[in-house]
Amino acid sequence: QGSLQACSSIQELDVFSRAREVKVDPDKPLEGVRLAALQARKTLLVPTPRLRTGLFNRIVPPPGATKEILRICATSQGIKDYSVPVGLDGRARVDLVVVGSVAVSEKGWRIGKGEGYADMEYAMMVSMGAVQEDTPVVTIVHDCQVVDIEEELLGDHDLTVDYILTPTRIIKTNCKRPKPQGIIWHKAKALGYEMLGKIPILKTLRYREKQMGKDVTLQDEHPHLANTTRTAALNKEMAENTQPQAATGSAQTGQHHVESDPLNPRLEGSGTITTVYVGNIPPSLRVSELKCALREFHVTPFRLNWQGAQHRAFLDYKDQVTAERAVSSLKGLSLGGNTLRVELAKSQRNKG
């Protein structure tokens, strides 16, 4: 009952009245805000739970939806039944962000559940251009959750709030602390290779930002352990793959292109090769871009069969363990606007 009272007060905020697109967390206590947004005919974005299957769901009520249908759309089941996915390439322009909190101060300092998903979602919205510096952030809590919080507890990646709604109060924080300007990879809570494995869309974002020259070092990486020889070798490899395409015309989208590792000629007849299928490759993608992504995720095959005209490629690995690691690492990766389809090739699945 308290959450319903707090949620209903969002309609008193000018920032809600002006908003056309509203992002609201999927938590049960925020169901009232989701309903209010739908009843006001606003576009509603809800993050996918724990970001496991993507970034957002855009809720699209059926034409002529009744109040009862809108009430269902605001629930977790309704989000599944009446939504379409929105990825990093989605044209979202969020006017208002509504998040849950464990505790919040009247100054706008916020403490979440400790896993950093709300901070991560906001940072990803920054990266995709969906929010601006002045996009307001609202949190809805019980009165007992409004407490004093020391600013020293906050990090650069922590999200702050502009409004706090409780069952009895509307608090404008006038918070001046800057909000996150993107993911700070080495500071984000618990963000390491294990988290990347759980959240495929993070892998795509990290890959894109690395291509733009940003520092995407993770918490569990230790750059000081990398020796200069390995760095030089990687630089040489990248340089070779960015040479003009005159000698490798088969790398063009419409042609087949097969590359083998000259250091492993015996693997081809070894009988232990495991092949990975990569599908849904966009027409504009070049083989060099796929190779760059394979190096980034440390899953470079000893042979790559590029079939750009058929929007696919086949990756050969020396054993099944390495191939399965490649499938796990690349699953959910988006290149050129398409989410790649990555799985063991049919012949390998049949063997299994």
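Please refer to the structure higher up on the page.
Computed from a prediction, not measured in an experiment: that's the story for all the values here. (Residues numbered from 1 in each chain as written. Predicted model: local features only at pLDDT ≥ 70, side-chain atom pairs only at ≥ 80, totals over all residues. Heavy atoms only, no water.)

(A) Region of the structure containing the nonpolar core. In this structure, L55, M124, M125 and I183 are the most contacted members of the largest nonpolar core, which totals 36 residues. Mapped by element, the contributors of at least two residues to this core are β5 (96-99), α6 (117-127) and α8 (200-211). Element by element, the count of residues in this core is highest for α6, at 7 residues. Counting contributing residues per domain, this core is built from domain 1 (2-172) and domain 2 (185-219), each supplying no fewer than three. With residues near it in sequence (within four places) discarded, L55 still touches V46, P47, T48, V86, G87, L88, M124, M128 and I201. (Core = buried A, V, L, I, M, F, W, Y, C linked by side-chain atoms within 4.5 Å. Buried < 20%, exposed > 50% of the residue type's maximum accessible area, 1.4 Å probe, protein only. Helix = DSSP H or I, 4+ residues; strand = E, 2+ residues; numbered from the N terminus. Domains from an automatic or database assignment. Contact = heavy atoms within 4.5 Å.)

(B) Main features of the pairing of strand β2 (residues 43-47). The buried fraction of β2 amounts to 4 of the 5 residues, a majority that puts the element mostly inside the structure. Where strand β1 (residues 21-24) lies against β2, 3 bridges are found, and the strand directions are parallel. The partner of E21 across the bridge, within β2, is T43. With helix α3 (residues 31-39) bridging β1 and its parallel neighbour β2, the resulting β-α-β unit is right-handed. Across 4 bridges, the pairing between β2 and strand β3 (residues 56-59) is antiparallel. (Pairing = 2+ DSSP bridges. Right-handed = clockwise from strand over helix to strand, strands pointing away.)

(C) Spotlight on the pattern of salt bridges. Under the counting rule described, the total for this entry stands at 12 salt bridges. As a salt-bridge pair, R71 and E68 come within 3.4 Å of each other at their nearest N and O atoms. Residue R71 and its partner E68 are both found in helix α4 (residues 67-73); the two are separated by 3 residues, about one turn of the helix. By relative accessible area, R71 is classed as partly exposed at 38%. Residue D316 pairs with R303 through a salt bridge whose shortest N-O separation is 2.5 Å. Residue D316 is located in strand β14 (residues 312-317), and its partner R303 is located in strand β13 (residues 303-307); the two are separated by 13 residues in the primary sequence. Judged by relative accessible area, R303 falls into the buried class, the value being 17%. Look at the salt bridges and you will find they share partners, linking K23, D25 and E121 into a network. (Salt bridge = Lys/Arg side-chain N within 4 Å of Asp/Glu carboxyl O.)

(D) Focus on the sheet that holds strand β9 (residues 163-165). Pairing is mixed in the open sheet, where 8 strands are placed in the order β4-β3-β2-β1-β5-β8-β9-β10. Of all strands in the sheet, those bounded by a partner on one side alone are β4 (83-86) and β10 (170-172). Along the sheet, successive strands turn relative to each other by an average axial angle of 25 degrees, direction set aside. (Axes fitted to C-alpha atoms, helices over the stretch in contact; angles between N-to-C directions.)

(E) Just a nonpolar patch on the surface, in detail. Side chains of V102, I111 and L153 sit close together on the surface and give an oily, nonpolar patch of about 260 Å² of accessible area. When you line up the elements, L153 lands in the loop between β8 (137-140) and β9. Residue classification places L153 among the exposed residues on the basis of a relative accessible area of 59%. (Patch = residues over 30% accessible without salt bridge, like charges linked within 9 Å, V, L, I, M, F, W, Y side chains within 5 Å. Areas by Shrake-Rupley, 256 points an atom, 1.4 Å probe, with all protein chains shown as cover.)

(F) Broad picture of unusual backbone geometry. For N174, which is not glycine, the phi torsion reads 55 degrees and is therefore positive. Tracing the sequence through the fold places N174 in the loop between β10 and α7 (193-198). Despite not being glycine, H311 shows a phi value in the positive range, around 60 degrees. Mapping H311 onto the fold places it in the loop between β13 and β14.

(G) Geometry of the side chain of N57. With respect to the helices and strands, N57 occurs in strand β3. N57 gets classed as buried once you look at its relative accessible area, which sits at 14%. Non-local contacts of N57, meaning those with residues more than four positions away in its chain, are made with L44, L45, V46, T48, I79, S83, V84 and P85.

(H) Layout of the layout of surface pockets. Computed from the structure, the second largest pocket encloses a volume of approximately 550 Å³. Along the wall of the second largest pocket there are 31 residues; nearest its centre are D25, D27, G100, R110 and K113. For the lining of the second largest pocket, the secondary structure elements donating two or more residues are α1 (2-8) and α6. Of the residues forming the lining of the second largest pocket, the biggest block, 4 residues, is contributed by α6. In the lining of the second largest pocket, the residues fall into 12 nonpolar, 10 polar and 9 charged. (1 Å grid on protein atoms, 1.4 Å probe; cavity = no way out; pocket = protein on both sides within 12 Å on 5 of 7 lines; lining within 4 Å. Points joined across faces, edges and corners; volume = space filled by probe spheres on them. Nonpolar A, V, L, I, M, F, W, Y, C, P; charged D, E, K, R; others polar.)

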